[in-house]
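Overview (structure and organization)
Here is how the chains run, residue by residue.
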Amino acid sequence: MIAQTGRTIETRFTRLVGVRHPVMQEGLGPYKTVRLAAAVANAGALGTVSIPGITEEPTRGARVLRGYIEEACALTDGILAVNIPVGADKATGKVLPFSEAYVRAVVQSVRDPMIAQRLRVITTSAGAPGVARALIADSGLIHIHKVGGTSQAIRAERDGVDAIIASGYEAGGHTHARPVHTFVLVPSVAEAVKIPVILAGGARDGRSLAAALAMGADAVALGTRFVASRDNPDWDPAYAARILAAKEGEDVVFSAIYGPSRALPSGGIGELAAMIAAGIDNDALTRFKDERLIAGQRDGDMEGGILPCGQIAGALQELIDVAEFVPGMVEQACEILAHLEKLIARKS
Ligand SMILES: Cc1cc2nc3c(=O)[nH]c(=O)nc-3n(C[C@H](O)[C@H](O)[C@H](O)COP(=O)(O)O)c2cc1C
């Protein structure tokens, strides 16, 4: 373990969000990540509360999400985000009912000053942020949007978001139709926008943070790494164990109805593929997918479940304690940055 010195790295991200470390745990729906988010926030990074699925009846879903927010706020004096995938109705261009209900629940919750002290950030993903921007703009929340391409980042900045998560193809969960990997994407996005950029996709530790900073990003976001921790007790421990058992290159990209998704192989993916081939309608497919994602996360069903997971799983060997891991990775990044300076040589 790396000795901790209390050092950190200040960036535009830490100043914007008000966190100690330039590190974030991203949305990991569709099952709850309340205690993981609180643990990450307690460690001085940004913890994210995930939504309870996209097939929940919107009013009920909004109520459950409010419960998650209150629960997470009670467990931390750090800073929290909520992640909401935003989609638009193809015919009308309007934000989908489930996304709208969740965004409204978050905006409504920060009218409570006690919640507003903790919950400072809303992250949107999946669609374009423009559809939800009007609902968020005057809420006081910092709006961060996740993209998988440079043109999407430029559009999101134009739509008024405060920061961008640039997520490379190796990321876990819904990945991108155009496979642009983190190493290519992040410098392009950092060059294209003026707002802070957060690297996501394949991050594992302080080496990833140092690399993110070198590529022009202001912070690093991790998904898979935080799942495989002792501080995610809302999920069945079989999920973390399966990640740690994953071999390099074992992850697969499958058709997840609206786009590709990266996961560990399981029978659940095969069943979904068979249903898609049989022409089952999208609503029934989406319900099936949500159920099987929850079966993996909540119940530890490693065969029938669908198990989103980043390529980095094949490189992870041990469970982490978030309280040690976050300052440890920042310290490791500090050491790397100091060491790299020593490599600079002048030769005639
Ligand atoms: C189990 C799991 C569930 C995820 N669920 C969501 C989600 O609900 N919303 C979202 O925007 N991204 C989701 N993602 C993607 C993560 O937010 C993040 O972008 C990704 O994990 C980063 O890549 P990494 O896994 O290599 O760290 C999920 C990822 C995983 C592994």
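Note that the structure is predicted; figures quoted are calculated from it, not measured.

**Focus: helix α2 (residues 34-42)**
Burial of α2 is extensive: seven of the nine residues sit out of reach of the surface. Every buried residue belonging to α2 is among Val34, Leu36, Ala37, Ala38, Ala39, Val40 and Ala41, and all of these are buried. Those residues of α2 hidden inside the fold are in contact with β1 (23-25), β2 (47-49), α3 (58-74), β3 (80-86), α10 (224-227) and α14 (322-342). Within two residues after α2, Gly44 carries a phi angle of roughly 95°, on the positive side.

**With respect to the site of the ligand**
Lining the immediate environment of the ligand, one finds 27 residues, of which Gly29, Gly172, Gly173, Gly223 and Gly310 sit closest. Contributing elements (two or more residues each) for the shell around the ligand: β3 and α10. Residue composition of the shell around the ligand, by class: 10 nonpolar, 13 polar and four charged.

**Concerning unusual backbone geometry**
A cis amide bond links Gly29 with the next residue in sequence, Pro30, at an omega value of 5°. Secondary-structure assignment places Pro30 in the loop between β1 and α2. Residues other than glycine seldom take positive phi values, yet Ala126 does so here, at roughly 80°. Checked against the element boundaries, Ala126 lands in strand β4 (residues 119-126).

**A few points about the pairing of β3**
By the criterion of burial, β3 is predominantly enclosed, with seven of the seven residues buried. Alternating positions in β3 separate into two faces, Leu80, Val82, Ile84 and Val86 on one and Ala81, Asn83 and Pro85 on the other, with burial throughout. Pairing of β2 with β3 involves three bridges; the strand directions are parallel. Among the inter-strand pairings, Gly47 is bridged to a residue of β3, identified as Leu80. For the crossover that starts at β2, traverses α3 and ends in the parallel β3, the hand is right-handed. Here seven bridges tie β3 to β4, and the two strands are oriented parallel to one another. Among the inter-strand pairings, Ile84 is bridged to a residue of β4, identified as Thr124.

**So, the environment of Ser266**
Among the structural elements, Ser266 can be located in the loop between β11 (260-264) and α12 (267-277). Leaving out residues up to four positions away in the same chain, Ser266 has contacts with Met302, Glu303, Gly305, Ile306 and Leu307.

**Regarding the packing of α3 against helix α4 (residues 97-109)**
Remark: α3 packs on α4, axes separated minimally by 9 Å, with the N-to-C direction vectors making an angle of 35°. In terms of crossing hand, the pair formed by α3 and α4 is right-handed. Residues Pro58, Thr59, Gly61, Ala62, Leu65, Arg66 and Ile69 of α3 touch α4, and the partners they reach there are Pro97, Phe98, Ala101, Tyr102, Arg104, Ala105 and Ser109. The class makeup of the residues in the contact of α3 with α4 is nine nonpolar, three polar and two charged.

**Describing the pairing of β11**
In summary, the side chains of a regular strand alternate between the two faces of the sheet. In terms of residue burial, β11 counts as a mostly covered element, since four of its five residues are buried. Across two bridges, the pairing between strand β7 (residues 173-174) and β11 is antiparallel. From the neighbouring strand, Gly173 faces β11, where its bridge partner is Arg262. Both strand β10 (residues 252-255) and β11 contribute to a ladder of four bridges, which runs antiparallel. Considered in β11, the bridge of Val252 is made with Ala263. The antiparallel hairpin formed by β10 and β11 contains four residues in its connecting segment, where Ile257 sits at a positive phi of about 75°.

**What to know about the domain arrangement of the chain**
Taken domain by domain, the chain consists of domain 1 (12-235 + 317-332) and domain 2 (240-308). The distance between the C-alpha centroids of domain 1 and domain 2 comes to 22 Å. Domain 1 puts 20 residues into the contact, and the matching count from domain 2 is 17 residues. Among the secondary structure elements, those contributing two or more residues to the side of domain 1 that touches domain 2 are β7 and α10. Partitioning the side of domain 1 that touches domain 2 into residue classes produces nine nonpolar, 10 polar and one charged.

**Side note on the environment of Thr286**
Mapped onto the fold, Thr286 is located in helix α13 (residues 282-297). On the basis of neighbour counts, which here come to 16 C-beta atoms within 10 Å, the residue Thr286 falls in the partly exposed class.

**Thoughts on the nonpolar core**
Of all hydrophobic cores here, the largest spans 108 residues; its most connected members are Ile164, Ala166, Ile198, Leu199 and Val220. Broken down by element, the residue count for this core peaks at seven residues, all from α2. Each of domain 1 (12-235 + 317-332) and domain 2 (240-308) accounts for three or more of the residues forming this core.

Thresholds applied
- Numbering of residues begins from 1 in every chain and follows the order in which that chain's sequence is written.
- It should be noted that, the model being predicted, local features are given only for residues of pLDDT at least 70 and side-chain atom pairs only at 80 or more, the latter also being counted only at that level, while totals for whole chains, interfaces and linings use all residues.
- Exposure classification rests on a simple neighbour count of other C-beta atoms within 10 Å of a residue's own: a residue reaching 20 or more is buried, one at 12 or fewer is exposed, and one in between is partly exposed. C-beta atoms are placed from the backbone.
- Numbering of helices and strands runs from the N terminus, with a helix taken as a DSSP run of H or I at least four residues long and a strand as a DSSP run of E at least two residues long.
- In this description, a residue-residue contact is defined by the distance between C-beta atoms placed from the backbone, which must lie within 7 Å.
- We call a residue near a molecule or strand when its C-beta atom, built from the backbone, sits within 6 Å of it.
- Think of it as three bins: nonpolar holds Ala, Val, Leu, Ile, Met, Phe, Trp, Tyr, Cys and Pro, charged holds Asp, Glu, Lys and Arg, and polar takes everything else, Gly as well.
- A strand pair is defined by DSSP finding two or more bridges across the two strands.
- Handedness of a crossover is defined as follows: orient the strands so they point away from the viewer, and if the path from the first strand over the helix to the second runs clockwise, the crossover is right-handed.
- The angle between two axes is taken between their N-to-C directions and runs from 0 to 180 degrees, where each axis is a line fitted to C-alpha atoms and a helix contributes only its stretch in contact.
- If you view the pair so one helix is near and one far, a crossing is left-handed when the near helix is turned anticlockwise from the far one by less than a right angle, and right-handed when it is turned clockwise.
- An automatic or database domain assignment provides the domain bounds reported here.
- Any set of buried Ala, Val, Leu, Ile, Met, Phe, Trp, Tyr and Cys residues joined through C-beta atoms within 7 Å is what this text calls a nonpolar core.

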